[in-house]
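# Structure at a glance
Now for the letters of each chain:
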Amino acid sequence: MDDFNVKNEPALKQFIATPPRLPPKNERGVIGTILHRCFNSIGNSVLTLCVAVVLFYLVKHILDWAVFNAVFVAESRRQCMALSADGACWAGVISWFNGLIYGRFPMDEQWRVNVGVLLGLMWLLPLMSKRIPLRNFILLSWIGLYPFVGGYLFLGGRFGVELGLVHGTMTCFALAFLVMLYMNWVLSALGYKGVNEWFLPLVSRWAERRIHLMSFIVVWVLITFGVSLGLSHVSLEPVAIERWGGLFLTFIIAGFAITMAIPVGVVLALGRRSKLPVIHWISMIVIELVRSVPLITVLFMAVTLLPIFLPADMEFNKLTQVLVAVCLFAGAYMAENIRGGLQAIPKGQYEAATTLGLGYLHTMVLVVLPQALKMMIPNIMTSFISLLKDTTLVSIIGLFDIMLMARNIANDKDWVGLHTEPLVMISVLFFILCYSMSQYSLNLEKRLKVDH
Amino acid sequence: MTMLSEKNPLNRTTSVAIKIDKVNKWYGTHHVLKDISLDILEGEIMVVCGPSGSGKSTLIRSLNHLEDYQDGVVSVFGQPLSRDRKSHDVIHNAMGMVFQNFNLFPHLTVLQNCTLGLTWLRKMSERDADKMAMQLLDRVGIAALASRYPGQLSGGQQQRVAISRSLAMEPKIMLFDEPTSALDPEMVKEVLDVMVDLSKTGMTMVCVTHEMEFARQVADRVVFMADGEIVEVGPPEQVLVNPEWDRTSEFLRHVL
């Protein structure tokens, strides 16, 4: 390093960097840009005009049908036709709107669905706040505990009787968790200490280690006790699973498939890469078998074949069977997505983790999977979107999801033959859902990008 | 030169840190390590050099079992290593490694890279781990960048983070596998400076490198390898200045 003794004589010229300049501005403006891009030659001008005319007619016809000539208030399809023959008859969709959303859920109990969905969203709301610690833990708690709350609200019955004591206890724990979450959030937003910290001095009297965890558990159990006292008097009208339907059911199936897809996919993908032959082959067979069969077949098999394999006294309702099938299907596809991500992780990452002393599980969970999943966000989101749309197939095996409810409109004696409008309505609904999912994934990608 | 002769390991009464005994390795039928035997003493700074394909990277990667070898024994502090869980722990408690391509975890900040092992393996509290990592980052002059992500750092900075990430696990032996080969010339020095500092702390170091100036300055012994064999071992003034073999002097003509 001493070989190159750089001269530092005053006689040398001093280098001063040229000051940076701003990039040239685009001063054309909107109209200028349009003229420049679309009318820069005769051929292009003609093309532009043609496209404009076609677009105009298309948009005009669609608007005429859907808005200007449409009927929004009518008693029946016949009345619709009488009012406006060449317009959409939205009145039918509007009168069936409740059915599309809640299926055949009893009218008086539909508030329970609203409350259930609202609680689920409330649970996830703190994830938006950057000030909440352990956000992954909240997500995990949602996956692990929310189904109990939702299950009780949607199924009903006297608390802890129809659904069993275990389910009731878990519901209490789940609700207590939500209460604690919000108490801590509100308190920290107001600048006070969280509930858990009140109990720190008390807990530290008898516990020496992990006092934070201990006080967390103490608070959780205390609130659970309070919640269970309140809930033990509650009795809701029981609603059979067969009456669930509409968008509500679609959400349940798709939500379950989406939350289970990643864990199942990760296990299958890691299994397929395993060096242990039994695990490798089992994972590979599951993935390849499920992937090579259409979803409809998987659904039919779940409903007809699954009961044959299971012991006779084990009886599942149709929804459970469908959930298992969709979960397996989603997992198998997800496994291949995740495997792609795993393969893109350089070998050096594994080596660095190993030389730090991390074992297989630590390496996977802390180093490899976070990177692989992040890299695969676009693919994973594509899978999620197609899952959401694929769940409409369950109407074929007789679950009253939004698709079957829409077809039922055409069978209603007042709205006979009303096919197009419900389908258009469902298309718009699914577009909104899927588009927001894809926007969310773009947002997520941007947020997780740490290169620059 | 007097300083270097003082550092001659033969004058010290130290124990053997790594004992390599007749290690052989084949890639298919290609014999990449041929009967390698070498003792690396505690506190010794050993530089391994040689032309590409001479097996020097393979050798250093065999020491911590990143590469399998078919024959021979490597012992660390007197304990022969095998493929079992216990050896795994011995290796990774004793040895840290720095790679040519840094291999930092890109999804974690610089600080999290350094504390990962401390919090998950040593079960250290977050505060203690952060404190320890910050001390190490400070030592390599990167404390100010602790909350950045590796992708936002220059190569030299990344390599210095990689060094402190290894040091966080408090290894007794550090392995360097061409730590400066992927760096721009302007950044080589900052990494070498860190390594020179480290050599003064009594750390046992095994470095595969082409930086002959570094070898001359800090190495206790230099190993010259060619075609999977150790051609020469000795103090730098011997191997680098008066080599015994023509293969060595030919190599030195190319790199010096």
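Residues numbered from 1 in each chain as written. Chains lettered and ligands numbered in written order. Predicted model: local features only at pLDDT ≥ 70, side-chain atom pairs only at ≥ 80, totals over all residues. Heavy atoms only, no water.

## Let's talk about the overall build of chain B
From N to C terminus, chain B includes 10 helices and 10 strands. Once the C-alpha set of chain B is aligned to its principal axes, its extents read approximately 55 × 40 × 40 Å. Across the 256 residues of chain B, 55% fall into the buried class. Residue pairs at least 24 apart in sequence account for 67% of intrachain contacts in chain B once pairs closer than 6 positions are excluded. For chain B, the accessible area works out to roughly 11,500 Å², and carbon and sulfur atoms hold 48% of it. Here chain B carries 26 positive and 33 negative side-chain charges, and the mean point of each set is 5 Å from the other. (Helix = DSSP H or I, 4+ residues; strand = E, 2+ residues; numbered from the N terminus. Buried < 20%, exposed > 50% of the residue type's maximum accessible area, 1.4 Å probe, protein only. Contact = heavy atoms within 4.5 Å. Areas by Shrake-Rupley, 256 points an atom, 1.4 Å probe, with all protein chains shown as cover. Lys, Arg positive; Asp, Glu negative; His and termini not counted. Charge placed at Lys NZ, Arg CZ, Asp CG, Glu CD.)

## So, the overall build of chain A
What chain A contains, in helices and strands, is 21 helices and 2 strands. Taking 452 residues into account, the globule formula puts the C-alpha radius of gyration at 22 Å, and chain A, at 29 Å, lies well above it. Oriented by its inertia axes, the alpha-carbon framework of chain A measures out at about 100 × 85 × 55 Å. Considering chain A as a whole, with its 452 residues, one finds that 40% of them fall into the buried category. (Rg over C-alpha atoms; globule rule 2.2 N^0.38 Å.)

## Overview of the pairing of strand S7 (residues 173-177) of chain B
Residues and elements named next belong to chain B. With 5 of 5 residues buried, S7 lies mostly within the body of the structure. On S7, burial covers both faces: Ile173, Leu175 and Asp177 on one face and Met174 and Phe176 on the other are all buried. Sheet topology note: the strand S6 (residues 95-98)/S7 ladder contains 4 bridges and is parallel. If you follow Met97 over to S7, its bridge partner there is Leu175. Sheet topology places S7 next to strand S8 (residues 204-208); 5 bridges connect them, and they run parallel. Within the sheet, the bridge partner assigned to Asp177 lies in S8 and is Val208. Following the chain from S7 across helix H7 (residues 185-199) to the adjacent parallel S8, one finds a crossover that is right-handed. (Pairing = 2+ DSSP bridges. Right-handed = clockwise from strand over helix to strand, strands pointing away.)

## Here we look at the side chain of Gln158 of chain B
Considering the arrangement of structural elements, one finds Gln158 of chain B in helix H6 (residues 155-168). Residue class for Gln158 of chain B comes out buried when judged on its relative accessible area of 15%.

## Focus on the state of the cysteines
Residues and elements named next belong to chain A. For the structure on display, the rule yields 1 disulfide over all chains. In this model Cys80 forms its disulfide with Cys89; the gap between the sulfur atoms is 1.9 Å. Taking the sign of the S-S torsion, 75 degrees for the link of Cys80 and Cys89, the bridge is right-handed. Across this residue pair, the class does not change: Cys80 and Cys89 are buried. Among the cysteines around Cys327, which has no disulfide bond, Cys434 carries the closest sulfur, lying 20 Å off. The class of Cys327 is buried, set by a relative accessible area of 12%. According to the relative accessible area criterion, Cys434 is buried, its value standing at 11%. (Disulfide = S-S within 2.5 Å.)

## Regarding the UniProt feature "domain: ABC transporter" (unreviewed entry) in chain B
Feature annotation in UniProt assigns "domain: ABC transporter" (unreviewed entry) to the following positions: residues 18-252 of chain B. With 39% helix and 26% strand, residues 18-252 of chain B has end C-alpha atoms that lie 27 Å from one another. (UniProt positions renumbered as here; feature names shortened; annotations may be inferred.)

## A word on the layout of surface pockets
Each pocket or cavity is described by its volume, and for the second largest pocket that value is around 1,000 Å³. Put simply, the parts of the chain that give the lining of the second largest pocket at least two residues each are helix H12 (246-273), helix H17 (347-356) and helix H18 (360-375) of chain A together with helix H3 (85-94) of chain B. (1 Å grid on protein atoms, 1.4 Å probe; cavity = no way out; pocket = protein on both sides within 12 Å on 5 of 7 lines; lining within 4 Å. Points joined across faces, edges and corners; volume = space filled by probe spheres on them.)

## Quick look at the domain arrangement of chain A
Structurally, chain A comprises domain 1 (29-58) and domain 2 (107-239). The C-alpha-based centres of domain 1 of chain A and domain 2 of chain A are spaced at 59 Å. (Domains from an automatic or database assignment.)

## Overview of the packing of helix H14 (residues 295-304) of chain A against helix H16 (residues 318-343) of chain A
Residue and element names in this part refer to chain A. Across the interface, H14 lies against H16 with an axial gap of 9 Å and an inter-helix angle of 140 degrees. Regarding the angle of H14 to H16, the classification is oblique. Of the two possible hands of crossing, H14 and H16 adopt the one that is right-handed. Together, Leu295, Val298, Leu299, Ala302 and Val303 of H14 and Lys318, Gln321, Val322, Ala325, Val326 and Phe329 of H16 make up the contact between the two elements. For the contact of H14 with H16, the per-class residue count stands at 9 nonpolar, 1 polar and 1 charged. (Axes fitted to C-alpha atoms, helices over the stretch in contact; angles between N-to-C directions. Parallel < 35°, antiparallel > 145°, perpendicular 65-115°, else oblique. Left-handed = near helix turned anticlockwise from the far one by under 90°. Nonpolar A, V, L, I, M, F, W, Y, C, P; charged D, E, K, R; others polar.)

## Some details on empty space enclosed by the protein
Using the criterion set out here, one finds 3 cavities of 30 Å³ or more in the structure. By volume, the largest cavity is sized at about 50 Å³. In terms of lining, the largest cavity is formed by Arg139, Val140, Leu167, Val194, Asp197 and Leu198 of chain B. When residues in the lining of the largest cavity are grouped by element, the largest group, 3 residues, is from H7 of chain B. Of the residues belonging to the lining of the largest cavity, the class tally is 4 nonpolar, no polar and 2 charged. If you add up the space inside the second largest cavity, you get close to 40 Å³. Along the walls of the second largest cavity sit Thr355 and Leu356 of chain A together with His92, Met95, Gly96, Ser166, Met169 and Pro171 of chain B, which together make up its complete lining. Mapped by element, the contributors of at least two residues to the lining of the second largest cavity are H17 of chain A together with S6 of chain B. Its residues placed into classes, the lining of the second largest cavity shows 4 nonpolar, 4 polar and no charged.

## Concerning H18 of chain A
A bend of about 45 degrees at Val368 of chain A is the largest found in H18 of chain A, and the proline Pro370 of chain A appears one to four places after it. Among the residues making up H18 of chain A, those that are buried are Thr363, Met364, Leu366, Val367, Val368, Leu369, Gln371 and Ala372 of chain A. (Bend = angle between axes of the 7 residues up to and from the residue.)

## Overview of the sheet that holds S6 of chain B
Residues and elements named next belong to chain B. Within the open sheet, the 6 strands sit side by side as S6-S7-S8-S3-S9-S10. Their pairing is mixed. Where the open sheet ends on each side, the last strands, each with one partner, are S6 and strand S10 (229-234). Averaged over neighbouring strand pairs, the angle between their axes works out to 15 degrees when direction is ignored. Sheet topology places strand S3 (residues 45-49) next to S8; 4 bridges connect them, and they run parallel. Bridged to Val47 within S8 is Cys207. Lying on the sheet, H6 is in contact with S6 and S7; it crosses S6 at an angle near 170 degrees.

## Details of the side chain of Ser215 of chain A
All names here are of chain A. Summarising the element assignment, Ser215 is placed in helix H11 (residues 211-231). Using a relative accessible area of 1% as the deciding quantity, one classes Ser215 as buried. Sequence-distant contacts of Ser215, defined by excluding residues within four places in its chain, comprise Asn196, Phe199, Leu200 and Val203.

## Regarding the environment of Leu153 of chain A
All names here are of chain A. Of note, Leu153 is situated in helix H7 (residues 135-155). The class of Leu153 is buried, set by a relative accessible area of 11%. Spatially, the C-alpha atom of Leu153 lies 24 Å from that of Leu433, the residues being 280 residues apart in sequence.

## Points about the nonpolar core
By size, the foremost hydrophobic cluster in this structure holds 198 residues, and its most contacted members are Trp123 and Trp244 of chain A together with Ile18 and Ile20 of chain B. Setting aside residues up to four positions removed in sequence, Trp244 of chain A forms contacts with Phe105, Phe154, Leu155, Val239, Leu249, Ile252, Leu319 and Phe400 of chain A. (Core = buried A, V, L, I, M, F, W, Y, C linked by side-chain atoms within 4.5 Å.)

## Focus on the packing of aromatic side chains
This model, assessed by the stated rule, comprises 19 aromatic pairs over all chains. A centroid spacing of 5.8 Å and a plane angle of 70 degrees characterise the contact between Trp65 of chain A and Trp90 of chain A, whose relative ring orientation is edge-to-face. Of the two residues, Trp65 of chain A sits in helix H2 (residues 42-68) while Trp90 of chain A sits in helix H4 (residues 90-95), which places them 25 residues apart along the sequence. For Trp90 of chain A, a relative accessible area of 13% translates into the label buried. Between Phe154 of chain A and Phe248 of chain A the ring centres are 4.7 Å apart and the planes differ by 75 degrees, which places this aromatic pair in the edge-to-face class. Of this pair, Phe154 of chain A sits in helix H7 while Phe248 of chain A sits in helix H12; the two residues are 94 residues apart in sequence, bridging distant segments of the chain. Among the aromatic residues, ring-to-ring pairing joins Trp123, Phe137, Trp142, Tyr146, Phe173, Phe177, Phe216 and Trp220 of chain A into one connected group. Here the guanidinium or amino end of Arg104 of chain A rests over the ring plane of Phe400 of chain A, the centre of that ring lying 4.2 Å away. Residue placement shows Arg165 of chain B over the ring face of Phe105 of chain B; its charged tip is 4.6 Å from the ring centre. (Phe/Tyr/Trp six-rings, centres within 6.5 Å; stacked < 30°, edge-to-face > 60°. Lys NZ or Arg CZ within 6 Å of the ring centre and 35° of its normal.)

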